[in-house]
Amino acid sequence: MDLLAYLKTQFVLQLLLGFVFVVSGLIINFIQLLTCVLWPFNKQLYRRINTRLSYSLWSQLVMLLEWWSGTECTLYTDQATVEKFGTEHVIIILNHNYEIDFLCGWTMCERYGVLGSSKVLAKHELLKVPLIGWTWYFLEIVFCKRKWEEDRDTVFRGLDRLKDYPEFMWFLLYSEGTRFTEKKHQISMEVAESKGLPKLKYHLLPRTKGFTTTLKCLKGTVSAVYDVTLNFKDHQVPTLLGIINGKRYMADMRIRRFPVDEIPEDEKECANWLHKLYQEKDALQEHYHKEGTFPGPTITPPRRLWTLLNFLFWATLLLSPLINFACGVVVSGSPLLILGFSLFLIIASIAIRRLIGVTEIKKTGSSYGDEGAKKQN
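What counts and how
- Residues numbered from 1 in each chain as written.
- Predicted model: local features only at pLDDT ≥ 70, side-chain atom pairs only at ≥ 80, totals over all residues.
- Heavy atoms only, no water.
- UniProt positions renumbered as here; feature names shortened; annotations may be inferred.
- Helix = DSSP H or I, 4+ residues; strand = E, 2+ residues; numbered from the N terminus.
- Pairing = 2+ DSSP bridges.
- Contact = heavy atoms within 4.5 Å.
- Axes fitted to C-alpha atoms, helices over the stretch in contact; angles between N-to-C directions.
- Parallel < 35°, antiparallel > 145°, perpendicular 65-115°, else oblique.
- Left-handed = near helix turned anticlockwise from the far one by under 90°.
- Disulfide = S-S within 2.5 Å.
- Phe/Tyr/Trp six-rings, centres within 6.5 Å; stacked < 30°, edge-to-face > 60°.
- Buried < 20%, exposed > 50% of the residue type's maximum accessible area, 1.4 Å probe, protein only.
- Lys NZ or Arg CZ within 6 Å of the ring centre and 35° of its normal.

Asks: What's the story with the UniProt feature "domain: Phospholipid/glycerol acyltransferase" (unreviewed entry) in the chain in this structure? I'm lost.
Replies: Residues annotated by UniProt as "domain: Phospholipid/glycerol acyltransferase" (unreviewed entry) correspond here to residues 90–212. The annotated region residues 90–212 carries 41% helix and 14% strand content, and the separation between its end C-alpha atoms amounts to 14 Å.

Structure follows, in structure tokens:
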């Protein structure tokens, strides 16, 4: 292990990275709160400012993926599709198998200039997560409890507000509703059998209500649906902790573009279209497991310096006073100050670890398999 790789695994450096992310996030959230006064007078200015504020936070996570761990993302798609990236409002359908699938999606958003304006249909529990949920709230992210009777009005209102969004947005949908595990897959395939649907090997049965509703509400705003199928070279199982430790992964993403005009408007036919799409995604994953690659031409968009420069800005702003303060505490020799600072570090490390835990497969809660959940489309 070379020196740089060794340093990336050291807790002190990782704690400093976390400190920059958390404190800069709190500063950004406070600024976002102040921008709320703009909403009644100039809604679009509010949105443009918050798009850039959220970019300043999310790009720090992208920096970890691209510059800290050196993870590469290769796209399997044609040049005509790539030329559309960042020039239209779209819905993204991404498989939900990995802890860092959202980061791979974000790195593509960043490289094509839509990271700050990216959207997601998020579970309501995330609204309570500091930094992540708070930033999404100011970005007008649509939160749902995954119970249609309770979500109907909230989802319709939230999506309707986005129709006049001033910046090109990529709206991410995890149509499977939850992250893939073997237990959830077994339950999902029982549901598929009971409904007479073909069984899937690498995906859960998609919940069609979120997709059909989003497409219906954003009709006339979004011009296409991008189907993204993600996998990793050499059967890698990437984790956010691995990224923080500087581990390098090789991500492959098969991207297909479907114009909205080609997708049925009728809700039942649209749901059948989504089921067929997931059968095709399953075939793509089968091909990948056999061949180690997706079919089609490859494109590797270059990483941009902006994520690194943004992080260096926040690190310079925040770490200098922290280090000076830490040196002052040590030099003072005061047991009370040293104890207080040590307690601060312990609390900070626990808080950062809990944020990481939000992404971990074994810790993500879900109602998948409950009787109520089984009745969802």
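Here the narrative resumes, following the displayed structure.
Asks: Would you mind showing me how to read the sheet that holds strand β2 (residues 90–94) here?
Replies: Each strand in a sheet pairs with another by means of backbone hydrogen bonds, the pair being arranged parallel or else antiparallel. Pairing is mixed in the open sheet, where 8 strands are placed in the order β4-β3-β5-β2-β6-β7-β1-β8. Of all strands in the sheet, those with a lone pairing partner are β4 (142–144) and β8 (298–299), marking the two edges. The sheet contacts of helix α5 (residues 101–111) involve β1 (72–76), β2, β5 (170–173), β6 (224–232) and β7 (250–259), and relative to β1 the element is tilted by about 75°. Contacts from helix α7 (residues 148–161) reach β4 and β5, with the element oriented near 170° to β4.

Asks: I keep staring at the packing of helix α3 (residues 43–68) against helix α12 (residues 306–332) and nothing clicks. Help me out?
Replies: Helix packing for two helices is described by the angle between their axes and how far apart those axes are. Remark: α3 packs on α12, axes separated minimally by 8 Å, with the N-to-C direction vectors making an angle of 115°. Between α3 and α12, the crossing angle belongs to the class labelled roughly perpendicular. Of the two elements, α3 crosses α12, and the hand of that crossing is left-handed. Listed contacts from α12 to Y55, S56, S59, Q60, V62, M63, E66 and W67 of α3 are W306, T307, L308, N310, F311 and W314.

Asks: Please clarify how the UniProt feature "transmembrane region" (unreviewed entry) in the chain should be interpreted in this entry.
Replies: UniProt records the feature "transmembrane region" (unreviewed entry) at residues 12–39, 311–331 and 337–356, using the numbering of this structure. Its end C-alpha atoms 41 Å apart, residues 12–39 is made of 86% helix and 0% strand. Annotation note: span residues 311–331, helix share 100%, strand share 0%, distance between end C-alpha atoms 29 Å.

Asks: Explain the state of the cysteines here, please?
Replies: Chemically, a disulfide is nothing more than a covalent bond linking the sulfur atoms of two cysteines. For the coordinates displayed, the defined rule picks out 0 disulfides. Considering cysteine sulfurs only, C270 is the nearest to C217, which forms no disulfide, with 12 Å between them.

Asks: I keep staring at the packing of aromatic side chains and nothing clicks. Help me out?
Replies: Any pair of aromatic rings gets described here by the distance separating the centres and the angle formed by the planes. Throughout the structure, instances matching the rule amount to 17 aromatic pairs. Relative to Y226, the ring of F85 has its centre 5.3 Å away and its plane inclined at 55°; by these criteria the two rings are tilted. Placement of the pair is F85 in the loop between α4 (79–82) and β2 and Y226 in strand β6, with a sequence separation of 141 residues. As far as burial versus exposure is concerned, F85 and Y226 are alike and both buried. Of the aromatic side chains, those joined through ring pairs into one cluster are W58, F102, W106, W136 and F143. Lying across the ring of W68, K8 places its NZ or CZ 5.7 Å from the centre.

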